[in-house]
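An overview of the molecular structure
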Amino acid sequence: MLVLTLVLAAIGFALLVAALTTGSVFWAWGCIVVCVIGAVLLLVSALSMRRPDGESTPPPGRHAKR
């Protein structure tokens, strides 16, 4: 999902450059829409990576001290 967010950011940047060079409002609105979609995906990804409240430390693994 993070790769998709990065791709959307690159598309948004390309649309921003197109909007600035042509002076078209439609390219600017396309940039805004793509960037909002990317921001929502980034927020969803960040929230899905959070740990539950009760789990503050990772479970003991191979290198855990006993």
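A short tour of the structure in this document, coming up. Note that the coordinates shown come from a computational prediction; the quantities given were computed from them, not determined experimentally.

1. A short note on the side chain of Ser45
Along the chain, the position of Ser45 falls in helix H2 (residues 25-49). Here Ser45 is in contact with Met1 and Leu2, once residues within four sequence places are set aside.

2. Focus on the environment of Met1
Residue placement: Met1 occurs in the segment before helix H1 (2-22). Its relative accessible area of 52% is what places Met1 among the exposed residues. Measuring from C-alpha to C-alpha, the distance between Met1 and Leu42 comes to 7.7 Å, with 41 residues separating the pair along the chain. Apart from the residues lying within four places of it in its own chain, the contact partners of Met1 are Leu41, Val44 and Ser45.

The rules behind the values
Residues numbered from 1 in each chain as written. Predicted model: local features only at pLDDT ≥ 70, side-chain atom pairs only at ≥ 80, totals over all residues. Heavy atoms only, no water. Helix = DSSP H or I, 4+ residues; strand = E, 2+ residues; numbered from the N terminus. Contact = heavy atoms within 4.5 Å. Buried < 20%, exposed > 50% of the residue type's maximum accessible area, 1.4 Å probe, protein only.

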